[in-house]
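# Observations on chain architecture
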Amino acid sequence: MPRTAVDRLAALLPPGFTLGVATAAFQIEGAVDDDGRGPSGWDAFAHSPGTIADGASPDIADDHYHRAEEDLALLSRLGVDAYRLSIAWPRVQPDGRGAWNEKGWAFYERLLDGLLEAGIRPVVTLYHWDTPLPLEEAGGWLSRETAERFSEYAAEAGRRLGDRVDQWITLNEPATVTLNGYALGVHAPGKQLLYEALPSVHHQLLAHGLGVQALRASTDDGKIGITNLHAPVSAKSWRPFDRLHAGLFDAIFNRLFADPILLGRYPRVPWIAKRNFAPLLDAVRPGDLELIQQPLDFYGLNYYYPVRIGAGAGPAAGAPTGHHRRVAALKRLPFHLADFPEFPRTGFGWPIAPAHLGTLLVQMRDRYGDTLPPILITENGASFPEPASTDGPIDDSERIDYLAAHLESALDSVAPGGPAEGVELAGWFVWTLLDNFEWAAGYTQRFGLVHVDFDTLERTPKASFEWLRQLTAARERTAA
Ligand code: IFM
């Protein structure tokens with residue numbers, strides 16, 4: 001009998017490979033005023049005029065806080081090995097310092113218990129961008145003190161939840177926080193500081209290092225890692241200035257965050273921008289880099305699309321891919337993101353380039369060699385235009401194709417004889433379970449395996465949900 005595409009893909013999965021789905025608290029929980037939660041920098045930003053594409057509010061989002069049981073049932077039906085969620089720091093510590101909010105912790109305890117009962121391993125991100133507002137107002141990641149506060153929060157999370165968490169992720173995508181939040185101002189906290197945003201890199205990395213130490217001291221269980229966003233970067237042309245700026249973007253986007261963690265040093269930057277990095281070096285104190293380079297159990301990697309860079313601000317000085325605002329800082333950038341006319345695009349306009357995920361894994365091995373822990377692809381997924389409401393499953397075949405092609409590219413790349421042979425690829429998480437509040441894009445970009453009607457909050461699994469369910473089931477059949 002001929003094997004289906006799902007069976008073929010399942011047969012490629014190595015034993016012990018984790019199949020999971022990921023979410024983030026701020027994008028799904030809603031209930032922003034419930035049970036003692038404090039406001040975050042993102043609440044404040046999203047309620048400022050003009051920041052969110054559809055002018056939407058994150059206050060309800062998917063109302064997951066009140067519908068966690070229903071969402072747990074969906075996860076259970078999906079048959080995934082692991083679920084990556086994040087804790088909203090302002091829900092468990094409204095001021096970002098001092099008193100803990102017991103009701104907030106109780107919510108996460110219930111959630112983790114529910115996952116364990118369903119046989120799903122919890123993967124917990126401590127920081128997925130929702131800084132408690134008082135900390136943001138005191139400087140957020142521009143202030144070294146935020147790293148100290150984060151380490152207290154990490155210690156408490158380890159103490160309370162350590163016996164239930166399988167894998168801890170300290171921070172999610174510090175690059176996005178620095179670039180979109182502090183350099184360009186298209187995310188919270190909306191600052192347009194360009195290179196003056198660089199201290200936020202160092203303080204987040206410091207928070208990571210301190211957080212790893214705090215978790216190791218407060219819990220014996222659980223593996224620990226961080227999640228970085230990565231993209232293979234190429235130049236728009238062979239012209240020296242395009243290549244220099246591609247190197248600069250690569251240093252800023254990829255190496256600035258991975259090198260200190262894995263190699264214990266900041267990367268070299270091309271001469272064109274050397275002077276601009278003074279604010280970063282000024283933030284570094286003796287011993288910091290040793291602290292940042294903590295031994296890790298895994299390295300979380302998020303991949304969505306490759307990047308092509310050209311010198312100069314670019315004809316339209318357009319917003320970063322998928323962002324609606326043309327903020328002033330963009331016009332001052334010395335480079336721009338160039339098109340990929342050869343690739344189809346997602347709803348966000350992101351190029352669909354699965355082979356580049358394989359390339360990225362090769363790059364990680366070449367750059368970091370033996371210092372590279374096992375890699376977990378902690379996010380991979382795509383948005384496509386889908387209706388606001390639906391009577392039945394949406395046939396999101398483009399998403400299925402995107403997911404299958406990316407998973408296959410990653411597996412082929414690390415397989416014996418593959419170009420990234422030697423990289424230990426431990427798992428892959430789909431972004432994301434539910435359509436949700438997609439940051440500055442509001443509710444305009446649907447990434448979910450499950451459709452959410454944002455008026456009724458009704459959940460309807462899409463065809464891609466059924467595809468992932470079949471993949472998890474097929475793997476069990478293959479193993480049997
Ligand atoms: O929704 C985000 C997520 O919060 C972080 N990584 C990228 C996703 C898609 O934009």
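Check the entry above for the structure.
For the structure given in this document, a descriptive report is provided here. None of these values were measured; they are calculated from a predicted model. (Residues numbered from 1 in each chain as written. Predicted model: local features only at pLDDT ≥ 70, side-chain atom pairs only at ≥ 80, totals over all residues. Heavy atoms only, no water.)

Attention now moves to the pattern of salt bridges. Using the criterion set out here, one finds 29 salt bridges in the structure. A salt bridge links E152 to R149; its shortest N-O distance comes to 2.7 Å. One end of the pair, E152, and the other, R149, are both in helix α8 (residues 145-161), three residues apart, so they sit about a helical turn from each other. Classification of E152 by relative accessible area gives partly exposed; the value is 36%. A salt bridge links D435 to R446, with the shortest nitrogen-to-oxygen separation between them at 2.6 Å. One end of the pair, D435, is in the loop between β11 (425-431) and β12 (450-452); the other, R446, is in the loop between β11 and β12, with eleven residues separating them in the sequence. The buried category is assigned to D435, whose relative accessible area is 0%. The network of salt bridges with common partners includes E386, D396, R399, D435, R446 and K462. (Salt bridge = Lys/Arg side-chain N within 4 Å of Asp/Glu carboxyl O. Helix = DSSP H or I, 4+ residues; strand = E, 2+ residues; numbered from the N terminus. Buried < 20%, exposed > 50% of the residue type's maximum accessible area, 1.4 Å probe, protein only.)

In this structure, the second largest pocket encloses a volume near 210 Å³. Considering the residues around the second largest pocket, the lining is formed by 16 residues, among which G16, T18, Q167, E424 and A426 are closest to the centre. Of the residues in the lining of the second largest pocket, the class split is eight nonpolar, three polar and five charged. (1 Å grid on protein atoms, 1.4 Å probe; cavity = no way out; pocket = protein on both sides within 12 Å on 5 of 7 lines; lining within 4 Å. Points joined across faces, edges and corners; volume = space filled by probe spheres on them. Nonpolar A, V, L, I, M, F, W, Y, C, P; charged D, E, K, R; others polar.)

Taken together, Q27, H128, W129, N172, E173, Y304, W350, E379, W431, E438, W439 and F447 are the residues near the ligand. Residue H128 places a side-chain N or O atom 2.8 Å away from an oxygen atom belonging to the ligand. A distance of 3.2 Å separates an oxygen atom of the ligand from a polar atom in the side chain of W431. Bound to the protein, the ligand loses 94% of the 280 Å² it would expose on its own. Grouping the constituent residues of the shell around the ligand by class yields six nonpolar, three polar and three charged. (Near = heavy atom within 4 Å. Polar contact = N/O pair within 3.5 Å; in protein donor to acceptor, adjacent residues only side chain to side chain. Areas by Shrake-Rupley, 256 points an atom, 1.4 Å probe, with all protein chains shown as cover.)

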